Amino acid sequence: MSEQNSFMVFSGTATRYLAEKICLSLGCPLGKLVITKFSDGEFSVSYEESIRGRDIFLVQSTFPNSDNLMELLLMIDAAKRASARTINAVIPYFGWARQDRKDKPRVSIGAKLVADLLSAAGVNRVITMDLHADQIQGFFNVPVDHLYASNVILPYLQSLNLPDLCIASPDVGGSKRANTYAKYLGCPLVLCNKTRARANVVESMQIIGDVEGKNVVIIDDMVDTAGTITKAADIMKAAGAKTVRACASHCVMSGPASDRVENSTLEEMVFTDSIPYNHKCSKVKQLSVADLFAQTIRLVIENKSISSQYLI
């Protein structure tokens, strides 16, 4: 069996747009898979070509709703029962990652549960990007290739040639990520200290550091309702920042997020295409990670190190 025929790439419903780009980069066709939906909302998965003895790569982000996760689980199960040699889940956005620990009594650890579900379904490897918490890799008992959106975001920031550049983190939890960007770009770092009234609602925020006269870039892993990111931008502009931009790996952008970004003081909001963005906002720009995932798939197939994929 030739290398070209040794692997096959399939996609779930919601991430087909990205799977098609990955296949274009790999120079292979997207596999034939049918998802049949029933009137009560149930659905079934069927591979329309033989996958026996093949290395299968299933591209599906698990952003809400939970049908996307269920599709992926059924795709894994069907591939296992169809005698695929290996089953590799390519999950550009790993949902439920914010539930990585018990932050109060009597709550679930959703990220661990999803990891267990994928393992129980029969996955052999997970390829993902910018997990909300790095330790989620330890929830799996199979190899996890954890990629970083910095591979596409950093070259974009460098192309802007911004003078007086300053990197910011919207909260203390993201300081490690932002500090890595600041070191690579050789510029100062500022932090935002925030307190929450409840989930998705910021109560107060203070800036730690000087942004006066700076072109600020806020770095985060995801933007959900955009409350934190837009509040941080407004505070930094009020503190004398020349411009404020934001870059995040995952474009969750739920609820009022698009309107908040459009009406904010942000110059632009940059995401990857790990999640599709179907709303209208003139400030949102998406960078594709298709080549990043395609190259990683190629290295996995060839049993080569993927460390070349890490810019920082």
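Conventions we followed
Starting from 1, residues in each chain are numbered consecutively following that chain's sequence as written. Reporting in this predicted model follows two pLDDT cut-offs: at least 70 for local features of residues, and 80 or more for side-chain atom pairs to be given and counted; totals over whole chains, interfaces and linings ignore these cut-offs and use all residues. Hydrogens and water molecules were not included; the side-chain quantities draw on all heavy atoms of the structure. At least two bridges found by DSSP between two strands is the condition for calling them paired. Put simply, DSSP H or I for four residues or longer makes a helix, DSSP E for two residues or longer makes a strand, and each gets a number counted from the N terminus. For helices, the axis comes from a line fit to the C-alpha atoms of the stretch in contact; other axes are also lines fit to C-alpha atoms, and the angle between any two N-to-C directions lies between 0 and 180 degrees. Note on contacts: a residue pair qualifies if any of its non-hydrogen atoms lie within 4.5 Å across the two residues. Think of it in three bands: with a 1.4 Å probe and only protein chains considered, a residue is buried below 20% of the maximum accessible area for its type, exposed above 50%, and partly exposed in between. Side-chain atoms alone can form a polar contact between residues adjacent in sequence; in general such a contact is a pair of N or O atoms within 3.5 Å, and within protein one must be able to donate a hydrogen while the other accepts it. Working rule for angles: under 35 degrees goes down as roughly parallel, over 145 as roughly antiparallel, 65 to 115 as roughly perpendicular, anything else as oblique. Only Asp, Glu, Lys and Arg are considered charged in this grouping, and only Ala, Val, Leu, Ile, Met, Phe, Trp, Tyr, Cys and Pro are considered nonpolar; every other residue, Gly among them, is considered polar. By definition, the crossover connecting two strands over a helix is right-handed if that path, from the first strand to the second, turns clockwise as seen with the strands pointing away from the viewer. What the arc covers is the set of directions going from the helix axis to the C-beta atoms. Of the grid points, spaced at 1 Å and generated over the protein atoms alone, those admitting a 1.4 Å probe that cannot get out make up cavities, while open sets with protein on both sides within 12 Å along at least five of seven lines make up pockets; any residue with an atom within 4 Å of a point is treated as lining. Grid points are joined across faces, edges and corners, and a volume is the space filled by probe spheres set on the points.

Novice: Would you mind showing me how to read the sheet that holds strand S6 (residues 125–129) here?
Specialist: The strand order S1-S4-S5-S6-S7 describes an open sheet built from five strands, whose pairing is parallel. At either margin of the open sheet sits one strand with a lone partner, and together these are strand S1 (7–11) and strand S7 (144–147). Across the sheet, the mean angle separating the axes of adjacent strands is 15 degrees when strand polarity is ignored. The pairing of strand S5 (residues 86–91) with S6 spans four bridges and is parallel. Each bridged residue has a counterpart across the sheet, and for isoleucine 91 the counterpart in S6 is threonine 128. Its contacts with the sheet place helix H2 (residues 16–26) against S1 and strand S4 (55–59), and it is angled at close to 155 degrees to S1. Helix-sheet contacts for helix H9 (residues 290–301) involve S1, S4, S5, S6 and S7, and the interaxial angle to S6 is about 155 degrees.

Novice: What is the right way to look at the side chain of aspartate 224 in this model?
Specialist: One can find aspartate 224 in the loop between strand S11 (215–223) and helix H7 (227–238). Take aspartate 224: its relative accessible area is 13%, and that puts it in the buried class. In this structure the side chain of aspartate 224 is engaged in a polar contact, spanning 2.9 Å, whose partner is the side chain of arginine 98.

Novice: Please explain the packing of helix H3 (residues 67–81) against helix H4 (residues 110–121) as it appears in this structure.
Specialist: Working note: a packed helix pair is described by the angle between its axes plus the distance between those axes. Axis separation between H3 and H4 bottoms out at 8 Å; the angle between their running directions is 25 degrees. Judged on the interaxial angle alone, H4 and H3 are roughly parallel. Taken together, the residues of H4 that come into contact with H3 (itself represented by Leu69, Leu72, Leu73, Ile76, Asp77 and Lys80) are Val114, Leu117, Leu118, Ala120 and Ala121. Grouping the constituent residues of the contact of H3 with H4 by class yields nine nonpolar, no polar and two charged.

Novice: Teacher, can you tell me more about the environment of leucine 33 here?
Specialist: Along the chain, leucine 33 turns up in strand S2 (residues 33–37). Note: C-alpha distance between leucine 33 and aspartate 291 (258 residues apart in sequence) is 23 Å. With near-sequence residues (within four places) excluded, leucine 33 lies in contact with Phe10, Ser11, Val45, Ser46, Tyr47 and Met75.

Novice: Please clarify how the pairing of strand S13 (residues 269–272) should be interpreted in this entry.
Specialist: Where a strand is regular, its side chains alternate between the two sheet faces. Neither face of S13 is open: one carries Met269 and Phe271, the other Val270 and Thr272, and all of them are buried. For the crossover from strand S12 (residues 243–251) across helix H8 (residues 257–262) to S13, the handedness is right-handed.

Novice: I'm lost on helix H6 (residues 175–185) in this one. Help?
Specialist: The α-helix advances 3.6 residues per turn, and as a result positions three or four apart in sequence lie on the same side. Restricting attention to buried positions, one finds in H6 the residues Ala178, Tyr181 and Ala182. Within H6, the buried residues cover an arc of 100 degrees as seen down the axis, which keeps them to one side. Opposite the buried face of H6, at more than 90 degrees from it, the exposed residues are Lys176 and Lys183. Where H6 ends, the next residue or the one after it, glycine 186, has phi of about 65 degrees, a positive value.

Novice: Help me understand the layout of surface pockets, please; the structure alone is not making it clear to me.
Specialist: Gaps between atoms show up when a probe of the same size as a water molecule is rolled over them. Put simply, the second largest pocket is a space of about 220 Å³. Contributing to the lining of the second largest pocket are 13 residues, with Thr86, Asn88, Arg125, Val300 and Asn303 lying nearest its centre. At the level of elements, S4, S5 and H9 are the ones that each hand at least two residues to the lining of the second largest pocket. The dominant element in the lining of the second largest pocket, judged by the number of residues it contributes, is H9, at three residues. Here the lining of the second largest pocket is built from residues that sort into five nonpolar, four polar and four charged.

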